[in-house]
Amino acid sequence: MPTIAIVGAGPQLGLAVARTYGTHGYDVALVARNRAKLEDLAGELAAEGITAAAFPADVLDRTALTQALKDAAAHFGGVDVLEYSPVGGLQTVMTTPAATEPAGVQHEMEFQLYGAIAATRAVLPAMREAGGGTLLFTTGAGSVDPVPQIANVNAAAAALRNWVINLHKELDGTGVQAAHVAINVSIGTPAVPGFPTAQPEEISPVYWDLHATKRDQAELVFSL
């Protein structure tokens, strides 16, 4: 069975992506900080006939993240697709451009860009050796069109976007696909009154499309 590893797996988008790939015959490696929550998700997927397992790690602990992905590859016989979409929650105070200090960007850089690089380094060598694989990275659409109220988060997201598109260029012709997904909606419930909202199940199919039919595409912006 092919395997997808979802870094930042949670009960909304992560679970929806797991279901999308699971219905196409993929096993699922769930990576996030909380083992109990991951095991709950794995149990929920198992009840639907999808094989899943938990591999706890904090993306800020790059040694642990690397080991979790190596453990997932050993458990399932490889990682064919990596999806990176951890959510920082309330750990970052949002700032406007003029109010942003270096420390306010640094945490987001550690969380978004550096974690993504570490995760990629854990799985890419085997993909390149096999001549196939997919690397998918998620940010908000502020990485493409920044919003002043969340300037520090947008700056790190834009750095990740830049790196992913560059990785896509580097991997051209290798059989390995790298792509960036920018989500221009609130997921599940509105984050801001009046802002467009989509359910996770409406968004998750784009992750399959990039893997299965849009392998030449470096970026997809999801909006309503």
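Look above for the structure.
In this text, all values refer to a predicted model and were calculated from it rather than measured experimentally. (Residues numbered from 1 in each chain as written. Predicted model: local features only at pLDDT ≥ 70, side-chain atom pairs only at ≥ 80, totals over all residues. Heavy atoms only, no water.)

(A) Summary view of the side chain of Gln 112. You can see Gln 112 is positioned in helix α4 (residues 102–130). With relative accessibility at 10%, the residue Gln 112 sits in the buried group. In contact with Gln 112, not counting residues within four places along its chain, are Tyr 84, Thr 139, Val 153, Ala 156, Ala 157 and Leu 160. (Helix = DSSP H or I, 4+ residues; strand = E, 2+ residues; numbered from the N terminus. Buried < 20%, exposed > 50% of the residue type's maximum accessible area, 1.4 Å probe, protein only. Contact = heavy atoms within 4.5 Å.)

(B) Main features of helix α7 (residues 205–212). Those residues of α7 that fall on the buried side of the exposure criterion are Val 206, Tyr 207, Trp 208, Leu 210 and His 211. In this fold, the buried residues of α7 make contact with α1 (13–22), β4 (81–84), β5 (133–140), β6 (176–183), α6 (200–203) and β9 (219–222).

(C) View of the layout of surface pockets. Volume-wise, the second largest pocket comes out at about 150 Å³. In this structure, the second largest pocket is lined by 13 residues; those nearest its centre are Gly 78, Val 79, Val 123, Ala 126 and Met 127. Taken together, the elements giving at least two residues each to the lining of the second largest pocket come down to α3 (62–76) and α4. If you tally residues by element for the lining of the second largest pocket, the top one is α4, at five residues. Considering only residue class, the lining of the second largest pocket consists of eight nonpolar, three polar and two charged. (1 Å grid on protein atoms, 1.4 Å probe; cavity = no way out; pocket = protein on both sides within 12 Å on 5 of 7 lines; lining within 4 Å. Points joined across faces, edges and corners; volume = space filled by probe spheres on them. Nonpolar A, V, L, I, M, F, W, Y, C, P; charged D, E, K, R; others polar.)

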